[in-house]
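# Residue-level structural notes
Here are the chains, one letter per residue:
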Amino acid sequence: MKLNDIRNEDCLDTMKIMSDAFVDLVVTSPPYDEMREYEGYKLESFEQIASELYRIVKVGGVVVWVIGDQTIKGNETGTSFRQALYFKEIGFNLFDTMIYLKPPRGAVGNNKTYWQSFEYMFVFSKGQPKTINLIKDRKNKESRKGDTGTKRLPDGSLLKLNREGYSEYGRRTNVWMYMIGKGHSASDEIAHKHPAIFPEKLAQDHIISWSNAGDLVYDPFLGSGTVALMAELNGRNYLGSEINENYCEIARERLRRIRPSKESQSPEKPQTPEQLRLLEAECGSRSETSHL
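Model, not experiment: these values are computed from the prediction.

### Focus on the packing of helix α4 (residues 200-210) against helix α5 (residues 226-233)
Between α4 and α5, whose axes approach to 9 Å, the crossing angle comes to 55 degrees. As the angle between them shows, α4 and α5 are arranged oblique. Between α4 and α5 lies a crossing of right-handed hand. Listed contacts from α5 to Glu200, Ala203, Gln204 and Ile207 of α4 are Thr226, Val227, Leu229, Met230 and Ala231.

Okay, here's the thing in structure tokens:
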């Protein structure tokens, strides 16, 4: 199968020609609960899709599934929980339940509820994840070098200890907040032709966290192409399935726009978690977000 390709077809058609254990990482936000109009697309084959994802993902591979719930007549659908439990039933580990937090201006809801300001980011793994590159950009109160000490044991003797230090920045929490809307979700205007843009920085952060250079990242609901774009910028291979021809063209155009500047540069290793802040300067200020 050709890599670094966007396929205008149902993701089930794409996955059926993939061999077993083909993909290192899946990052996606599927259409859910008819909360947005995706020009005719409805997620009616979830169980088939989940099972195919389990087949094509490598042992140690990860699926990041970003999803929320619709409220109908005061009753939340619970789609997110049902899907998460099904992923577990077919063999995936629920490695982490993360939160994609939107700032107050990105919240939705009505006067009868508190503002709805988050979506779930379920991180599923096939076995234990083979790649974990934790992003360390949460500022600690202070840094400290490692030192030695002692601890008195119940029998009165002293146990020598080597205490680890910690740096200025530590690993972040599993609640990630991103701004949304124009000027935040995407670095280019063309992306906004899609009704629900997936945040560039959110996609990038998961790609960096759960994959390495040269790995294959797949998005079965590619939309405006954000996952493919961020995979390309970070030295990963990508594949994307998108049933809507117009959205495919948006994704292809976004990739075409970054390639001239990318090809003029000398080859180098993709960004590491420690280089995240530098990458933001290259790709535009994207430390914030929305949907695929």
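### Remarks on the pairing of strand β6 (residues 93-101)
Pairing geometry for β6 and strand β7 (residues 118-125), over 8 bridges, is antiparallel. Across the sheet, residue methionine 98 finds its bridge partner in β7, namely methionine 121.

### A closer look at α4
Here α4 lies mainly inside the structure; 11 of its 11 residues are buried. Of all the residues in α4, the buried ones are Glu200, Lys201, Leu202, Ala203, Gln204, Asp205, His206, Ile207, Ile208, Ser209 and Trp210.

### Some points on the side chain of glutamate 52
With respect to the secondary-structure elements, glutamate 52 resides in helix α2 (residues 46-56). Those residues in contact with glutamate 52, other than ones at most four positions away along the chain, are Leu12, Met15 and Lys16.

Reading the values: rules and limits
Residues numbered from 1 in each chain as written. Predicted model: local features only at pLDDT ≥ 70, side-chain atom pairs only at ≥ 80, totals over all residues. Heavy atoms only, no water. Axes fitted to C-alpha atoms, helices over the stretch in contact; angles between N-to-C directions. Helix = DSSP H or I, 4+ residues; strand = E, 2+ residues; numbered from the N terminus. Parallel < 35°, antiparallel > 145°, perpendicular 65-115°, else oblique. Left-handed = near helix turned anticlockwise from the far one by under 90°. Contact = heavy atoms within 4.5 Å. Pairing = 2+ DSSP bridges. Buried < 20%, exposed > 50% of the residue type's maximum accessible area, 1.4 Å probe, protein only.

All quantities given are derived from atomic positions and should not be read as evidence of function.
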